[in-house]
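In case you want the letters, here they are:
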Amino acid sequence: MTALEPLAALLHEVRTCRACAGSLPLGPRPIVQGESSARILLASQAPGARAHASGIPFDDASGERLRRWLGLDRERFYDASRIAILPMGFCFPGTARAGDLPPRPECAKLWRERLLAALPRIELTVVIGRYAQNYHLPAAGETLTEVVRNWRSFAPAIVPLPHPSPRNQAWFKRHPWFETEVVPALQQRVAAALREVPPP
């Protein structure tokens, strides 16, 4: 287990993982994306039911909103040579009364350090939702809103985001500064990491 561990072989291991098969209502279907050349890491929560059905990350309304925030079309978003997508849990965890269950904890323990070490060219990490923030920004703040509001303090390598789920519509309405301040800065950093514009 070194920084030189081939990512393709590691992703094959991940995609055949069955560590928590007995706890997944639809069974295991690990969904990840990336190549060692990727410059942007999307650290998200866990695939939803639609992503589980298609095998495509963010294959739902959340993905549409996230792509708009990032300023990316589907082609660029799903370009694994430039965009890595590593949720905290790789499989759909099931649903609870108010949404999906939390990501299964086994994934981060088994795989995350190895995967991150195999992505040496990441320049921008987009940390999506509280579960990903707890891992990537553990001491950043007590609430998701607090962390996202302080987004400038993580520049230029990290941008924290709320989850783009339609269930968070009330949060978006209560915090209009997110669309006016964070989203334009995020799009600038994404474009710079992909070499589409000069760095800010």
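What counts, and where the lines are drawn
In this convention, every chain numbers its residues from 1, walking through the sequence in written order. Under the rules for a predicted model, residues below a pLDDT of 70 receive no local features and side-chain atom pairs below 80 are neither given nor counted, while totals for whole chains, interfaces and linings still include all residues. Calculation of side-chain values draws on the structure's entire complement of heavy atoms; hydrogens and water are dropped beforehand. Paired strands, in this sense, are two strands between which DSSP finds at least two bridges. Numbering of helices and strands runs from the N terminus; a helix is a DSSP stretch of H or I covering at least four residues, while a strand is a stretch of E covering at least two. To get an axis, fit a line to the C-alpha atoms, keeping to the stretch in contact for a helix; angles then go from 0 to 180 degrees between the N-to-C directions. Relative accessible area decides the class of each residue, using a 1.4 Å probe on protein chains only: under 20% of the type maximum gives buried, over 50% gives exposed, and in between gives partly exposed. Here, two residues are considered to be in contact whenever any of their heavy atoms come within 4.5 Å of each other. Side-chain rings of Phe, Tyr and Trp (the six-membered ring for Trp) are treated as a pair once their centres are within 6.5 Å; stacked means planes under 30 degrees apart, edge-to-face means over 60, and tilted covers the remaining angles.

Asker: Is there a simple way to think about the sheet that holds strand 5 (residues 124–128) in this case?
Answerer: The pairing of strands in a sheet happens through backbone hydrogen bonds and is either parallel or antiparallel. Pairing within the open sheet is parallel, and its 4 strands lie in the order 2-1-5-6. With partners counted over all chains shown, the strands left at the sheet margins are strand 2 (83–85) and strand 6 (158–161), one partner each. Pairs of neighbouring strands in the sheet enclose a mean axial angle of 15°, with direction left out of account.

Asker: What is the right way to look at the environment of Glu179 in this model?
Answerer: One can find Glu179 in helix 9 (residues 177–193). Glu179 sits in the partly exposed class, given a relative accessible area of 31%. Each C-alpha atom, one on Glu179 and one on Trp69, is 8.3 Å from the other, the two residues being 110 residues apart in sequence. Among all residues touching Glu179, those that are not within four sequence positions of it are Arg68, Trp69 and Pro184.

Asker: Whenever I open this one, the packing of aromatic side chains confuses me. Can you help?
Answerer: Aromatic rings in a pair are described by how distant their centres are and how their planes are angled relative to each other. Applying the stated rule across the entire model yields 7 aromatic pairs. The interplanar angle of 85° and the centroid separation of 5.6 Å between the aromatic rings of Trp69 and Phe172 together place this pair among those described as edge-to-face. Here the residue Trp69 occupies a position in helix 3 (residues 61–70), and Phe172 occupies one in helix 8 (residues 169–174), the gap between them amounting to 103 residues. A relative accessible area of 0% places Trp69 in the buried class. Judged by centre distance (4.8 Å) and plane angle (75°), the rings of Trp69 and Phe178 are edge-to-face.

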